[in-house]
Amino acid sequence: MDLSVVVPAYNEEGRLGPTLDAVRAYLDSEAGPGTWELLVVDDGSSDGTARIARDTAAADPRVRLVSSTENRGKGHALRLGVAASKGVRVLVTDADLATPIEELARLTEQMEAGYGAAVGSRAHPDSSVEVHQGRLREWMGRMGNRLIRAVAVPGIRDTQCGFKLLDGEKAREAFADARLDGWGIDVEILQYFRRQGWAVAEVPVRWSHQEGSKVGPFDYLRVLAELIRLKTRAVRRVDLAVCGLFLLASVLLYKGLWTDLDHAYLRDSGQDQNQWEWFFAVTADNVAHLHNPFFTTVQNFPDGVNLMGNTPMLGLSVPLTPVTLAFGPSVTWALVLTGGLAATAASWYWLIARRLVRNRWAAALGGALAAFAPPMISHANAHPNFMVLFMIPVIIDRALRLCEGHRTVRDGVLLGLFATYQVFLGEEPFLLAAVGMLIFAAAYAVVHREAARQAARPLAKGLAIAAGTALPLVGYPLAWQFFGAQSYHSVLHGDNAGNSPLALLEFSGRALFGDDATADKLALNRTEQNAFYGWPLVALAFAVTVRLWRRPVVKALAFTAVAAAVLSLGQKIRIPYTDVVFPGPWRAMAHLPLFESVIEGRVAMVCAPALGMLVALAVDRLTRARARTSAPSTVSSPVSSPVSSPVRGPVRPYQVVGALAVAAALVPIVPTPFPVQQRPEIPAFIADGMWKKYVGPGESVVPVPLPDPGSAEALHWQSATGLGFPVPGGYFNGPYGPDRTGIYGAPPRYTSNLFRDVRYGGKVPDIGPNWQAQARYDLAYWKAGVVVIPPEDNDATLYVVVEKLLGRPGERIGGAWVWPVGKGS
């Protein structure tokens, strides 16, 4: 049979007869008798649709009726009809003939040109829409098609036009594989053609809206819902299992936090948990009250804090605003840490499985190492911006797509959007990731010049498009960050912020084989253990590199890991156990814009994904050694490999040795759960709102000592009680001095320094008129309404100091010493 025409019909009694007559007449005149068939699929109609088709079939044996016992949708009807077809080509057309049958000639021309399918398109510039739908229906259709095109079949402007001509064998294969019963069947079939590499032509046609159409204005949303369901069913079980294991591991690491969200505090986070909960709270408050999300005076009153110059992670804190407002910032904090760690591991797993290895469990091991590596776990104590990195693999994948040069404009725009979102998740980790990507790209270009030559032009064009997309979106926020209120130009960390070479070989404090005492000697603090991969993993990576050296991707990954490790040693590299010091390569970068604020030891975090990929390659090689594939493996790009069906062979001794070596390298660095401690209780004076009596509009609560990077409990007072009052001082990055150098916390004042020194056991000076005048001046600067001493170390001595400064005793209210000093006092 040359042609099969499939017409799905549901309650089409009123117009099926004329449609069948028109189709038969055209085919008789154009195709000749006996070379075609017409199949009417009755989708469980409740009217006379089946009777009309049956009568027509009785008069013309080329017409056949295919019946469904119940109404299940267009997709089900088309599956029945195409399965019953016999044509070399199959035309599917709607029963209303919104596209006239005469348009078949246009589709046939494209099929004869070699296409696997030719689909009618109302959105083609050369199409003719003779009768328009209503404005709402037409607008919904246009928006729906754009959404479908974005998420399912890029490049096809109209997936839902019911007039498609398909190669018969390909059509029967595609429809046999299809699962959707509704309107989404069109997209599912086109996706199948795309996956098989069968070319699809989009053809302009005449089209007229027909009254009584079964397609409603919201059916495009139903199509999207069907596609989501289809994608969900397509997820492999192993993928779900791997992601579930990542989430379980993350929950176990933070189990101490989750079991007591109201009182648990991550022991090794310093004051960062207080700071981050405050960031989440102030962002939610800004969103709820439509305030500027880039600035606030709730902390460091009255000067305020440039939030873009800090790390509020607006990309998460803004969408999680409902959670923060409903359950509090402690829940948001725990959710970001736990979900972010699991999502990052899943994202690396996706990239490695998609681009690098066949075996999903090998990819899972690589993703786990990339996300749960010792430096990532160190930052997972307190710095979610450095461990919630799920966008980095997505950005890498999009950059690799640009190298392929297929859809440069689309991929460039998406890369720009992804980069924009990462800016609002964390700028410094994005900068470090970019350094890692540049190192890898340079290394790969050296070892595989032909691939680099082919990728250079589309990559450059795509990056330009990405920059053009991102800059308008991040321009204002970055301008505020670098030039707005309370902006600063750099944060200096001194000359000793690099890693010791020993730190690359030792185990971290949180590692299964590590201990805090050893790690503490080699790191700035427990949130900055930026290396600590352990000598067994370093040895394994060296062995893998030697064994797989012939692969360009291995050379590039190894160079990336080594280069990042060397850069992380800082401006001065001290040879362990000697006094020998060499200048480090970081010296050339340390004073460049942006890099001047980077803690150089953090560059070693770039090693984590590189090592993860090397381990994934090794494990994949071990598993593939047991398989005899039906076709030889060829790798056409640095990070892609075809899929074949392996046949398992016997386990060989070297595979056992290899598996034991991988286990010996990874087991020692398995992270252990984060320890927690009880956080101090909020004084009832604050928790119960007693402060409101003493703080007027535009006034602040002055805790003694003022909050700073070493003691920021007052930020917890604010975030836990709804940010009802501002405080001077705080824990943030801000400017200091006329050159606006970045520092941690507020610029010191005489009175704040006095409180801090006494708090930590310093000598109390003689308090005379000069000190009292200075205190009045500083309190006026802070617009103080009330001075508060909570229960804390040395609070008795602090009481004496404040009493002398203010010249009167305090009141014991709500568990705290209180001095009203505001305008109404």
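Structure first, text after, so check above.
Residues numbered from 1 in each chain as written. Predicted model: local features only at pLDDT ≥ 70, side-chain atom pairs only at ≥ 80, totals over all residues. Heavy atoms only, no water.

**Student:** Please set out the pairing of strand S1 (residues 3–9) residue by residue, giving values where relevant.
**Tutor:** Burial analysis of S1 places seven of its seven residues in the buried class, the great majority of the element. Here S1 shows no split at all, with Leu3, Val5, Val7 and Ala9 on one side and Ser4, Val6 and Pro8 on the other all buried. Summarising the sheet, S1 and strand S4 (residues 89–93) pair through four bridges and their orientation is parallel. Residue pairing across strands places Leu3 opposite Arg89, the latter belonging to S4. Of the pairings in the sheet, the one linking S1 to strand S2 (residues 36–43) comprises seven bridges and is parallel in character. The partner of Val6 across the bridge, within S2, is Leu39. (Buried < 20%, exposed > 50% of the residue type's maximum accessible area, 1.4 Å probe, protein only. Helix = DSSP H or I, 4+ residues; strand = E, 2+ residues; numbered from the N terminus. Pairing = 2+ DSSP bridges.)

**Student:** Would you mind going over the sheet that holds strand S16 (residues 700–703) in detail, with residue names and values included?
**Tutor:** The strand order S16-S19-S21-S20 describes an open sheet built from four strands, whose pairing is mixed. Of all the strands in the sheet, just S16 and strand S20 (811–813) have a single pairing partner and so form its edges. Taking each pair of neighbouring strands and ignoring which way they run, the sheet shows an average axis angle of 35°. (Axes fitted to C-alpha atoms, helices over the stretch in contact; angles between N-to-C directions.)

**Student:** With reference to specific residues and values, describe the sheet that holds S2.
**Tutor:** Adjacent strands of a sheet form backbone hydrogen bonds with each other and so pair up, either parallel or antiparallel. The strand order S3-S2-S1-S4-S7-S5-S8 describes an open sheet built from seven strands, whose pairing is mixed. Because the sheet does not close on itself, it has two edges, and the strands there are strand S3 (63–68) and strand S8 (200–204). Across the sheet, the mean angle separating the axes of adjacent strands is 20° when strand polarity is ignored. Note: S4 against strand S7 (residues 163–167), five bridges, orientation antiparallel.

**Student:** Could you give an account of the pattern of salt bridges, naming the residues involved and the relevant values?
**Tutor:** In this structure the tally under the stated criterion is 38 salt bridges. One salt bridge connects Glu103 with Arg206, and the closest N-O pair in it is separated by 3.1 Å. Here Arg206 lies in strand S9 (residues 206–208) and Glu103 lies in the loop between S4 and helix H4 (104–112), a separation of 103 residues in the sequence. For Glu103, a relative accessible area of 5% translates into the label buried. Classification of Arg206 by relative accessible area gives partly exposed; the value is 26%. Of the charged contacts in the structure, one is a salt bridge between Arg624 and Asp620, with a shortest N-O distance of 3.7 Å. A residue pair is termed a helical-turn pair when its members lie 3 or 4 positions apart in one helix, as Arg624 and Asp620 do in helix H24 (residues 607–624) at four residues. By sharing partners, the salt bridges in this structure join Arg267, Asp268, Arg510, Asp516, Asp520 and Arg526 into a single network. (Salt bridge = Lys/Arg side-chain N within 4 Å of Asp/Glu carboxyl O.)

**Student:** Explain the nonpolar core to me, using residue names and the numbers behind them.
**Tutor:** If you look at the biggest cluster of nonpolar residues, it comprises 138 residues, and the most contacted ones within it are Phe246, Tyr254, Leu257 and Leu537. For this core, the leading source of residues is helix H14 (residues 329–355), giving 14 residues. The residues contacting Phe246, other than those within four sequence positions of it, are Ala342, Ala345, Ala346, Tyr349, Ala364, Gly367, Ala368 and Phe372. Formed by 31 residues, the second largest nonpolar core is a distinct cluster that contains Trp36, Ala95, Met111 and Ala118. (Core = buried A, V, L, I, M, F, W, Y, C linked by side-chain atoms within 4.5 Å. Contact = heavy atoms within 4.5 Å.)

**Student:** Run through the pairing of S3, naming residues and quoting values.
**Tutor:** Pairing of S2 with S3 involves six bridges; the strand directions are parallel. Across the sheet, Val40 pairs through a bridge with Leu65, a residue of S3. What joins S2 to S3 is helix H2 (residues 49–59), and the crossover it makes is right-handed. (Right-handed = clockwise from strand over helix to strand, strands pointing away.)

**Student:** Can you tell me about helix H9 (residues 237–253), naming the residues and giving the values?
**Tutor:** The terminal C-alpha atoms of H9, which comprises 17 residues, lie 24 Å apart, in line with the 24 Å expected from a rise of 1.5 Å per residue. Of all the residues in H9, the buried ones are Val238, Asp239, Val242, Phe246, Ser250 and Leu253. What you see down the axis of H9 is that its buried residues fit within an arc of 115°, all on one side. Residues of H9 that are exposed and point over 90 degrees away from its buried face: Arg237 and Leu240. For H9, the elements touching its buried residues are helix H10 (255–258), H14, helix H15 (360–372) and helix H16 (374–379). (Expected span 1.5 Å × (residues − 1). Arc of directions from axis to C-beta.)

**Student:** Could you give an account of the environment of Asp778, naming the residues involved and the relevant values?
**Tutor:** Looking at the secondary structure, you find Asp778 in helix H29 (residues 769–781). Along the sequence, Asp778 and Val801 sit 23 residues apart, while their C-alpha atoms lie 15 Å from each other. Each residue touching Asp778, except ones within four places of it in the same chain, is listed here: Arg749, Tyr750 and Thr751.

**Student:** I'd like a rundown of the packing of aromatic side chains, residues and numbers included.
**Tutor:** Throughout the structure, instances matching the rule amount to 19 aromatic pairs. Centroid distance Tyr254 to Phe674: 4.6 Å. Interplanar angle 25°. Geometry classified as stacked. Taken together, the residues Tyr254 in the loop between H9 and H10 and Phe674 in the loop between helix H25 (653–666) and strand S15 (676–678) connect sequence positions 420 residues apart. The exposure class assigned to Tyr254 is buried, which follows from its relative accessible area of 1%. Consider the rings of Phe507 and Phe513, whose centres lie 6.4 Å apart with planes at 80°: the pair is edge-to-face. By relative accessible area, Phe507 is classed as buried at 13%. Aromatic rings pair up to connect Trp276, Trp278, Phe279 and Phe280 into one cluster. (Phe/Tyr/Trp six-rings, centres within 6.5 Å; stacked < 30°, edge-to-face > 60°.)

**Student:** Describe in detail the environment of Asp94, supporting the description with residues and values.
**Tutor:** The topology assignment puts Asp94 in the loop between S4 and H4. Placed 20 residues apart in sequence, Asp94 and Lys74 show a C-alpha to C-alpha distance of 9.6 Å.

**Student:** Describe a nonpolar patch on the surface, listing the residues and the values that go with them.
**Tutor:** Together, Leu245, Leu248, Leu252 and Trp361 make up an exposed nonpolar region whose accessible area comes to about 410 Å². Secondary-structure assignment places Trp361 in helix H15. (Patch = residues over 30% accessible without salt bridge, like charges linked within 9 Å, V, L, I, M, F, W, Y side chains within 5 Å. Areas by Shrake-Rupley, 256 points an atom, 1.4 Å probe, with all protein chains shown as cover.)

**Student:** Outline the packing of helix H11 (residues 272–288) against H14, listing residues and values.
**Tutor:** How two helices sit against one another is set out by the angle between their axes and by the gap between those axes. The geometry of H11 relative to H14 is characterised by a closest axis approach of 9 Å and an angle of 110° between their N-to-C directions. On the basis of the axis angle, H11 is roughly perpendicular to H14. Facing H11, whose interface residues are Gln273, Trp276, Glu277, Phe280 and Ala281, H14 presents Pro329, Ser330, Thr332, Trp333 and Val336. Split into classes, the residues belonging to the contact of H11 with H14 amount to six nonpolar, three polar and one charged. (Parallel < 35°, antiparallel > 145°, perpendicular 65-115°, else oblique. Nonpolar A, V, L, I, M, F, W, Y, C, P; charged D, E, K, R; others polar.)

Everything listed here is a matter of coordinates, which is why it stays silent on function.
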